[in-house]
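Topology and contacts: notes
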Amino acid sequence: MQFLVESLIELITQTSTNLPPDVRAAMKEALGAETPHTQASQALNIIASNIDMAKDDEGPICQDTGMPTFVVHTPVGVSQIAVKKAIREAVAEATKRGKLRPNSVDSLTGKNSGNNLGVETPVIHFDQWEEDEIEVKLILKGGGCENKNIQYSLPADLEHMGKAGRTLEGVRKCILHAVWQAQGQGCAPGAVGVCIGSDRAHGYDLAKGALFRTLDDANVIPELAALEDSIMEEANRLGIGAMGFGGKVSLIGCKIVAANRLPASFFVSVAYECWAFRRLGVRIEAGSGAITQWLYRDPARPVERMATGAGFPLSGREIILRPPLGEEQIRALKVGDVVLITGECYTGRDAVHAHLVKSPLPEGVDLRGAVLYHCGPVMLEQNGAWTVKAAGPTTSSREEPYQADIIKNFGVRAVMGKGGMGKKTLAALEENGAVYLNAIGGAAQYYARAIDKVLGVSLLDFGIPEAMWRLHVHDFVAIVTMDAHGNSLHADVERETGRHLAELQKV
Ligand code: SF4
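Just so it is clear, the model here is predicted, and its values are computed rather than measured.

1. Digging into the overall build of the protein chain
- A tally of regular secondary structure across the protein chain gives 14 helices and 20 strands.
- Compactness check: the protein chain gives a C-alpha radius of gyration of 22 Å against a globular reference of 23 Å for 507 residues, within 12% of the reference.
- In terms of its C-alpha atoms, the protein chain occupies a principal-axis envelope of roughly 70 × 60 × 45 Å.
- Expressed as a percentage of contacts within the protein chain between residues at least 6 apart in sequence, the contacts between residues at least 24 apart total 75%.
- Just so you have it, the protein chain exposes about 20100 Å², and 52% of that area is on carbon and sulfur atoms.
- Within the protein chain, the 60 negative side-chain charges are centred at a point lying 2 Å from the centre of the 51 positive side-chain charges.

2. Here's the deal with the environment of Ala 25
- The topology assignment puts Ala 25 in helix α2 (residues 21-33).
- Residue Ala 25 is classed as partly exposed on the basis of its relative accessible area, which comes to 32%.
- Taking the C-alpha atoms as reference, Ala 25 lies 16 Å from Ala 218; in sequence the two are 193 residues apart.

3. Brief notes about the packing of helix α11 (residues 400-410) against helix α12 (residues 423-432)
- Where α11 contacts α12, the axes come no closer than 8 Å and their chain directions differ by 10 degrees. As judged from the angle between their axes, α11 and α12 are roughly parallel. Across the interface between the two elements, Glu 400, Pro 401, Gln 403, Ala 404, Ile 407 and Lys 408 of α11 pack against Lys 423, Lys 424, Thr 425, Ala 428, Leu 429, Glu 431 and Asn 432 of α12.
- Grouping the constituent residues of the contact of α11 with α12 by class yields five nonpolar, three polar and five charged.

4. Thoughts on the sheet that holds strand β8 (residues 251-259)
- The strand order across the open sheet formed by four strands is β4-β9-β7-β8, and the pairing between neighbours is mixed. The outermost strands of the open sheet, each flanked by one partner alone, are β4 (150-153) and β8. Taken over all neighbouring pairs, the strand axes of this sheet differ in orientation by 15 degrees on average, direction set aside.
- Bridge count between β4 and strand β9 (residues 267-273): four bridges; the pairing is antiparallel. Paired with Tyr 152 across the strands is Val 268, a residue of β9.
- Sitting on the sheet, helix α7 (residues 200-209) touches β4, β7 (190-197), β8 and β9, and the angle it makes with β9 is about 40 degrees.
- Contacts between helix α8 (residues 222-235) and the sheet are confined to β7 and β8, with β8 contributing the most and set at about 150 degrees to the helix.

5. Structural notes on the packing of aromatic side chains
- Taken as a whole, this structure holds four aromatic pairs when the rule is applied.
- Both rings, one in Tyr 373 and one in Phe 476, keep their centres 5.3 Å apart while their planes meet at 75 degrees; by these two values the pair is edge-to-face. Placement of Tyr 373 in strand β14 (residues 371-373) and of Phe 476 in strand β20 (residues 468-482) is noted, with a sequence separation of 103 residues between them.
- On the basis of relative accessibility, which here comes to 1%, the residue Phe 476 falls in the buried class.
- Where Trp 386 meets Trp 469, the ring centres are 5.0 Å apart and the plane angle is 75 degrees; that geometry is what we call edge-to-face.

6. Things to note about helix α6 (residues 168-182)
- When the terminal C-alpha atoms of α6 are compared, their 21 Å separation across 15 residues agrees well with the 21 Å that a helix rising 1.5 Å per residue should span.
- In terms of burial, α6 is a largely internal element, 13 of the 15 residues being buried.
- Gln 183 occupies a position one or two residues after α6 and carries a positive phi of about 45 degrees.

7. Quick notes on the sheet that holds strand β3 (residues 134-141)
- Pairing in this open sheet of five strands is mixed, and the strands run β2-β1-β3-β10-β11 from one edge to the other. A strand with exactly one partner marks an edge of an open sheet, and here the two such strands are β2 (123-129) and β11 (291-295). Geometrically, the sheet is characterised by an average inter-axis angle of 15 degrees between neighbouring strands, direction not taken into account.
- Here seven bridges tie strand β1 (residues 67-75) to β3, and the two strands are oriented antiparallel to one another. The residue of β3 that forms the bridge with Val 71 is Lys 137.
- Helix-sheet contacts for helix α1 (residues 4-17) involve β1, β3, β10 (278-284) and β11, and the interaxial angle to β10 is about 155 degrees.

8. As for the packing of α1 against helix α4 (residues 80-96)
- At a minimum axis distance of 8 Å, the contact between α1 and α4 shows a crossing angle of 50 degrees. Judged on the interaxial angle alone, α4 and α1 are oblique. For the element pair α1 and α4, the recorded crossing hand is right-handed. On the side of α1, the interface is formed by Leu 4, Val 5, Leu 8, Ile 9 and Ile 12, while α4 contributes Val 83, Ala 86, Ile 87, Glu 89, Ala 90, Val 91, Glu 93 and Ala 94.
- When its residues are assigned to classes, the contact of α1 with α4 shows eleven nonpolar, no polar and two charged.

9. Quick word on the pattern of salt bridges
- A full pass over the atoms with the stated rule returns 29 salt bridges.
- With a closest N to O distance of 2.9 Å, Glu 228 and Arg 213 form a salt bridge. With Glu 228 in helix α8 and Arg 213 in the loop between α7 and α8, this pair connects stretches of sequence that are 15 residues apart.
- Residues Lys 255 and Asp 217 are paired through a salt bridge, measuring 2.7 Å at the closest nitrogen-oxygen approach. With Lys 255 in strand β8 and Asp 217 in the loop between α7 and α8, this pair connects stretches of sequence that are 38 residues apart.
- A residue is classified by how much of its surface remains accessible, and Lys 255, at 4% relative accessible area, is buried.
- Here the salt bridges share partners, and the residues they tie into one network are Glu 6, Glu 93, Lys 96 and Arg 97.

10. Points about unusual backbone geometry
- For the peptide bond that leads from Thr 121 to Pro 122, omega is -5 degrees, which places it in the cis range.
- Inspection of the secondary structure assignment puts Pro 122 in the loop between α4 and β2.
- Residue Pro 189 is bonded to the preceding Ala 188 through a cis peptide linkage, with omega at 0 degrees.
- With respect to the helices and strands, Pro 189 occurs in the loop between α6 and β7.

11. Description of α7
- Among all positions of α7, only Gly 203, Ala 207 and Lys 208 are buried. Taken end-on, α7 shows its buried residues confined to a sector of 135 degrees, consistent with a single buried face.
- Buried positions along α7 lie against β1, β3, α5 (143-146), β7 and β9.

What counts, and where the lines are drawn
Residues numbered from 1 in each chain as written. Predicted model: local features only at pLDDT ≥ 70, side-chain atom pairs only at ≥ 80, totals over all residues. Heavy atoms only, no water. Helix = DSSP H or I, 4+ residues; strand = E, 2+ residues; numbered from the N terminus. Rg over C-alpha atoms; globule rule 2.2 N^0.38 Å. Contact = heavy atoms within 4.5 Å. Areas by Shrake-Rupley, 256 points an atom, 1.4 Å probe, with all protein chains shown as cover. Lys, Arg positive; Asp, Glu negative; His and termini not counted. Charge placed at Lys NZ, Arg CZ, Asp CG, Glu CD. Buried < 20%, exposed > 50% of the residue type's maximum accessible area, 1.4 Å probe, protein only. Axes fitted to C-alpha atoms, helices over the stretch in contact; angles between N-to-C directions. Parallel < 35°, antiparallel > 145°, perpendicular 65-115°, else oblique. Nonpolar A, V, L, I, M, F, W, Y, C, P; charged D, E, K, R; others polar. Pairing = 2+ DSSP bridges. Phe/Tyr/Trp six-rings, centres within 6.5 Å; stacked < 30°, edge-to-face > 60°. Expected span 1.5 Å × (residues − 1). Left-handed = near helix turned anticlockwise from the far one by under 90°. Salt bridge = Lys/Arg side-chain N within 4 Å of Asp/Glu carboxyl O. Arc of directions from axis to C-beta.

In structure tokens form, the structure reads like this:
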């Protein structure tokens, strides 16, 4: 199988950089359905441009390329050991080429392996079949949406939904609750793969497996087809909207599978997938390892462009921020303001935050008046210089335990990420004169183009995504979603959508 590794590198590259047609179609519909000039519609416009940019430049659609998960079918006689070896080689090479972010971290030491290989990484599921060819399907599901997966054990009492029993009605409540609890943190609009039944471990597997169905297919089981349709209709009445900004489109797909269960257990497992729904597959000739066919793609159909205009049409009302930022300027900002940042900013995510609450700033880093960007970029070192390959925001809520102290201790004026933060951070913003800025989740190519230069890096031993990068940006667009006056768009949307969820309970 001399071409197998190259075929797999191509599969990984295409999956990471070029969304499949069914997802493009669903996102196009979302764009058309959203009310123009709202924050949700602005987010969708940026997402559309980002999808085009990723395809044009063959760059990762989102910087979080997730846990690469392969589902492989092999004919009798093909060595699964050889296929596994080829997959691992292809994953390491695709990482080296900047198509995958180094995402594999030792759970005991926190050390990043640097090549996406490690214990049980990548995930590979094998099966044999009676066909002559090898089939490899791949899904790249990032951490933000993976963290919003949820499992219910029925009967249960659900917030805003009341009692959910061991019936399809109970399952319906669980799925709607699952969409609601994700809010914008899994980069809505999203899709859900659902498994009714099985056990805890396999139920999650089957839920993720349901995401391999295309968004436009119909369930072969009539009751489940009807449930999928009603979830789509009802979930889009919740009002979560793109990025959780509030809006008409919250869900682009619902795929349900039912598996047998133990009499004593009734699990509903939900895999929440973000809009950056990266899933593709290939058929491979077993002798040569060459690709014979792409799955999820129609070769007769050209790749549809997504953006209809500029990614973010400027209105002239945007507020220019040039760090270092002063307290007065920041206190003047309010929820809903759109800002354009030009100047320096620093990245910092989980490892940096955990470090800074017990250690001084690294040499040469000054956070007074700074913008601290929750971002784990894809970076490539070429000829001694770093190039940004993808740089969208990461989920900010993970930094909630640390953020207030870091704002206070180091004088940070703007924290930027996605999905919003909690009460402790909101209080710290008010007390210290700082704001939270929501960048558009997954728009990794769009934001990479707003970075002119990598000015330096500290704490690189944490690994590329976790290091503290000093960047120079221009016209970096974000929305104030938590201000220095105790206002939070995230809290407002959660409350309002909770009210809508409670209304659906009564249907
Ligand atoms: S689009 Fe959002 S949730 Fe999806 S992988 Fe990217 S950052 Fe994570």
